[in-house]
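Inside the fold
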Amino acid sequence: EKRLGYEPGSSALLQQRTAFFSAVSNDFAKQARAMAETRIVEPGCDIVPESLVTELVVQYGDSENNDKLQFIEAGASHDNSQDEAEDEEEDLVQELYIFLQGDATLTCPLTGERAWQCGEVMGESPFAGTTRLYPARVTANTVCLVQVYKKNEIFEAMAKQEGRDRELLQRLVNEAQPFGLSQMRKRLQRSFSFRNAHVAFSSALVRLPDVVLFPPNRLITEQGDECKLGESQFFLVLVGRVKVAGAVGTLFSMVGAGQVFGEVGAFGISKRRTASACTWQEGYVSCLRFTGAVVRAAVNEFPLDRDKLAQIWKRTEVMNRSTELERREWIKTTAIPALAQTPLLGGCPPSFFHSLSVLLQEQLYKSNSEIVKCGDKLEHMILLVAGAAQLRTRVGDDIGMMRKGSMFGEINALGLFNYSMATIQSTERTRLLVLPHAAMKQALASPAAKQEGICVAFQKLVDGRYDQVDRGVPLCGLGITTQKDDPRVRAIALLAERRDLEAGDEWCPVPDSEPAGPFFGVLVSGRVMVEIGPEHHIVLQLTSGAIFPEGLLASYGAVCRAETTCEAYRVRWHDFYMAVGLSTPSATDWFWKFRVQEKATVERLTRRLQSVQGLLHVNVPHRKDEEIQAWKAQRGERISQAKRMSSTLAVQASDRLPILEASKPTRVVFEKKTVSVQRNEWDGAGLRSRKPGLLSYTGSALIQLPKLIDERGHSKSESSLPR
C-alpha cells in the first residue's frame, strides 16, 4: 500500500480504487478495510479461475441446429431443481480483489493476455451481486499478494449501519441479480433499440461478461466526445438508473434496467456524443459494457441491423431537439429569475445562475398532495414557481403558507441538515424547482465560481452557521434564560440569517407580504435608531437584546440605522414556529419570556411610530390643498375688488357733500353703549352749527338733503328736526 502511495492500513486505497467503497462513509470504509483478507498466491495458481469467466455449452439434439444449444453459466446448475439452484447460489464466488504485489497475467477471451497491474481491481460486479462471471482469468506468475473482500462479510456489516450506507445496500440487494451471459443476451434483445434486430446480432454483441459498477452521480459519457466505430463503447443497464441529459440539463430520458445508452456513438451513427450519461444519486448502477472491438465485429457480420438503429435515431433526434429548445426557454424565463429572487443566492453573477439552472429539475404536484413530510430525508432546496402550499409542524399545526417565490430548505441545499423540519402539502396545483445539495457542490466546484469568489463566500456562510449553533445566537443574546444546548435554540440558530452592520448602515425591513413570509429581527450587540421619512426623524432607539418585527416597521416605512457596529439576525416566523412548535410549553419555559418581550416591543414601537407619523402628517400636503388655496386667492381678490369699489363710491358721494373742517374726534361714552360722534365745525354758506347729526345743518342746507317719506306720506326727517 505504501508503494502505491497510500498509508498502510488506511481506507484510502479502497475508497479511491473501487466504485463500491467510494460511495460509502469513511467510518464504514475503515471498518471494511479492517475486514480485508490478505491472500498469498503461489506461482502457477489462479487468482480468478477460468470457470468463473466462461460458460459451459451443453449440446443436445441435432448438432447442426443452433437452437439446440443450452448455455449454462459458471457456477450454475443445468438442473431445474429450485433447491439445487439455491445451493449453487450460496456456493458462488463473490469476492473483490485488489492486486498489491507480484507478477500476474490477466487473460481475456477477446483481448488476449496482458499483465495485471499493481493496484488494479477485479471483480466488483460479482462482489456486488450483479453478475456471477468475472471478465478475465488471472494467473499468478510469481508469489503474489492480493487483498480480498468477501461479499457476505461486508454486506452483513453494512446492513448494521445507519443512514446512507444502509440505504445503498438495501437498494442494491433489492435490484441485483447474478446475471449470466444468456440472461444478458435476453435483456439486450428486449431493449428498445434492439427489439427489431436479429437474435444472432444480439448474441454476437454479448460475448464477454464485462460488467462494470458505477457509484452514484458518476459521469459515464460526456456530451461532445468524439465517436468512432470500433473505438467507442455503449452500455446495457442491469441495476439502477442512468440519466441522459443535454448541455443545459435537458433530461432526455432516464434509462432503467434492461435498456441501453450510448449505442448511437458506438455504432458510428453520430460523430459526437449528443448527450451526457450520468448515474442517478439514489444508488449504484451496474452496466454491461460493449467494447468497440465487439461492436465492429457485430456490425461487419450484420450490417442491416446497424441501418435499423440509424432509422430509430433519426426519429429520436427530432424529439430531442424540440425538448432542448423548450428547456433553454424554461431556463431563461423560469429557472434563472426564480434563483435570482432567493435570499440565499441573491447577488450572484448570471453565469453562476446558469450553471445552477442546468442542474435544476421541475416537479409538479396535484392539489392536496404531500410534497415532503416532517422528519423525512431532504437534501435539496424547494423553490415554488406556481401554486400554493401549507406548512405544518411535526404535530400538524399550520404555521404558514408558501406562495409563488417562496423557498424552503436553504440549510438542506447547503448540506447543513439532511431532514425536513416541517410538512409541506400543496393546497392547489403546484410547480416546484428542486435544487439538490449535490448540484450546489457541482456548481461551486466550477472554475467560474472559484474565480468569482463565490465558493469562498458560501464556505464562509456555512462556517458562520456552525458558529451560530455553537453560540446559540440569536436567542441566547436576548437575556431570556435560553440554553445553547436546547435543540430548539440550535435549530433557530441554524436557520437564522446573520446581518453585520457598520455605523451608518441601514437595515431595510421586509414587509409581511413578501413571498418568504413575515420576519422578525434580533439585535444581539450594538445600537440602532429606528427612523422614518426622508429627513430621518427618530422614532426609537434599540439596544442589545431587542426584538423588532420587520413587518410592523415596513408598514410605516421605517428603517433601522446603525449607530455602532452591530450584530443582528433575521428570522422567519414560520422557521421559529417550525423549530419551537405551537404546542403550549411549560410555564417556566423561555418561550413565554420571548413572547412577553416581543409583545412589549411591538406595543412600544406602535405608539412611537403612530406619534411620529402623526407629527409628519401635519405638514404633509392635503389632496384638497390646491382647491383651498385657489378659493382663498379668489376670495382675497373679491375682497380687494369690493374695497376698491367702495372707495370709488365714497369719492363720488363726497363730491356731492359739503367739505367739513377737520377736527379732533371725541368719544362720547354712554352707560350701556358706546357711540362715536364726530363733532364738526363747518361753514356752509357762512353758517356754523355745533349740534350733532342732522341738527348741524341749517334750514337752508337741509333743503338740499333727500327726504324720507313713510307709508302714510309723512317725512321722517322733518319730524326729527326742530322748527
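Conventions we followed
Every chain is numbered on its own, with residues counted from 1 as its sequence reads. Totals for whole chains, interfaces and linings use every residue, but because this is a predicted model, local features are given only for residues with pLDDT of at least 70 and side-chain atom pairs only at 80 or more, for both listing and counting. Only hydrogens and water are set aside; all other atoms, that is, all heavy atoms of the structure, feed into the side-chain values. Each residue is assigned to one of three classes by its accessible area relative to the maximum for its type, calculated with a 1.4 Å probe on protein chains only: buried under 20%, partly exposed between the two thresholds, exposed over 50%. Numbering goes from the N terminus for both helices and strands, where a helix is a DSSP run of H or I of at least four residues and a strand is a run of E of at least two. Whether two strands pair depends on DSSP finding at least two bridges between them. Helix axes use the C-alpha atoms of the stretch in contact, all axes being lines fitted to C-alpha atoms, and the angles between their N-to-C directions lie in the range 0 to 180 degrees. Ring pairs are drawn from Phe, Tyr and Trp, using the six-membered ring of Trp, whenever the two centres fall within 6.5 Å, and their geometry is named by plane angle: stacked under 30 degrees, edge-to-face over 60, tilted for the rest. Put simply, angles under 35 degrees are roughly parallel, angles over 145 are roughly antiparallel, angles from 65 to 115 are roughly perpendicular, and the rest are oblique. Left-handed describes a crossing whose near helix is turned anticlockwise from the far helix by less than a right angle; the clockwise case is right-handed. By definition in these notes, contact holds between two residues if any of their heavy atoms fall within 4.5 Å. Residues are sorted three ways: Asp, Glu, Lys and Arg are charged, Ala, Val, Leu, Ile, Met, Phe, Trp, Tyr, Cys and Pro are nonpolar, and all the rest, Gly among them, are polar. How sure the predictor is of each residue is captured by pLDDT, a score from 0 to 100. Here a cavity is any set of points on a 1 Å grid over the protein atoms alone where a 1.4 Å probe fits but cannot get out, and a pocket is any open set with protein on both sides within 12 Å along at least 5 of 7 lines; a residue lines the site when it has an atom within 4 Å of a point. Grid points are joined across faces, edges and corners, and a volume is the space filled by probe spheres set on the points.

Some remarks on the pairing of strand S6 (residues 104–108)
- Summarising burial for S6: four of the five residues are buried, a large majority.
- Of the pairings in the sheet, the one linking S6 to strand S9 (residues 137–140) comprises four bridges and is antiparallel in character. Of the residues in S9, the one forming a bridge with Thr107 is Arg137.
- With four bridges joining them, S6 and strand S7 (residues 112–115) adopt antiparallel strand pairing. Note that in S7 the partner of Leu106 across the bridge is Arg114.
- Here S6 folds back onto S7, and the loop between the two strands holds three residues.

Some details on the sheet that holds S6
- Pairing within the open sheet is antiparallel, and its four strands lie in the order S2-S9-S6-S7. Single-partner strands in this sheet number two, and they are strand S2 (46–48) and S7. Along the sheet, successive strands turn relative to each other by an average axial angle of 25°, direction set aside.
- Here S2 runs beside S9; their pairing, made up of two bridges, is antiparallel.

Section: the sheet that holds strand S28 (residues 506–507)
- Spatial strand order, S28-S33-S30-S31: four strands in an open sheet with antiparallel pairing. Across the chains shown, the open sheet's two edge strands, defined by having one partner strand only, are S28 and strand S31 (537–542).

Brief notes about the packing of aromatic side chains
- Under the defined criterion, the tally for this structure stands at 31 aromatic pairs.
- Ring centres 6.3 Å apart and planes at 70° place the aromatic pair Trp573 and Phe594 in the edge-to-face group. On the criterion of sequence distance, the pair formed by Trp573 in helix H20 (residues 573–580) and Phe594 in helix H21 (residues 590–618) is long-range, its members being 21 residues apart. As far as the burial class goes, Trp573 and Phe594 line up, both buried.

So, the packing of H20 against H21
- Axis separation between H20 and H21 bottoms out at 13 Å; the angle between their running directions is 160°. Put simply, H20 runs roughly antiparallel to H21. Both H20 and H21 take part in a crossing whose hand is left-handed. Contacts between H20 and H21 pair Trp573, Phe576, Tyr577 and Val580 from the former with Trp590, Phe591, Phe594, Arg595 and Glu598 from the latter.
- The residue makeup of the contact of H20 with H21, split by class, is seven nonpolar, no polar and two charged.

A closer look at the confidence of the model for the protein chain
- Per-residue confidence for the protein chain gives a mean pLDDT of 85, with 85% of residues at or over 70.
- Long-range and interchain partners of residues 56–89, a stretch whose pLDDT sits below 50, account for 43 contacts in this model, where long-range means more than four residues apart.
- Below a pLDDT of 50 lies the segment residues 672–688, which in the model reaches 27 contacts outside its immediate sequence neighbourhood of four places, other chains included.

Some words on the layout of surface pockets
- Here the largest pocket is characterised by a volume of approximately 2000 Å³.
- What lines the largest pocket is a set of 45 residues, and nearest its centre among them are Asn217, Lys243, Gln281, Pro436 and Ala438.
- Considering each element in turn, the lining of the largest pocket owes the most residues, six residues, to helix H15 (residues 437–444).
- Classifying every residue of the lining of the largest pocket by side-chain character gives 20 nonpolar, 15 polar and ten charged.

A word on the packing of helix H12 (residues 303–340) against helix H13 (residues 350–357)
- Running from amino to carboxyl end, H12 crosses H13 at an angle of 115°, the nearest separation of the two axes being 9 Å. Our pair here, H12 against H13, has a crossing hand that is right-handed. In this structure, H12 uses Arg327, Trp330, Ile331, Ala335, Ile336, Leu339 and Ala340 to contact H13, whose residues at the interface are Phe353, His354, Leu356 and Ser357.
- In terms of residue class, the contact of H12 with H13 is made up of eight nonpolar, two polar and one charged.

Considerations on unusual backbone geometry
- The omega torsion across Val473 and Pro474 is 15°, close enough to zero to call that bond cis.
- Checked against the element boundaries, Pro474 lands in the loop between helix H17 (454–471) and helix H18 (487–495).
- If you check the backbone angles, Asn217 has positive phi at about 55° while not being a glycine.
- Within the fold, Asn217 resides in the loop between strand S11 (211–214) and strand S12 (219–221).
- A positive phi is found at Thr481, a non-glycine position, where the angle reads about 60°.
- Given a relative accessible area of 51%, Thr481 falls into the exposed group.

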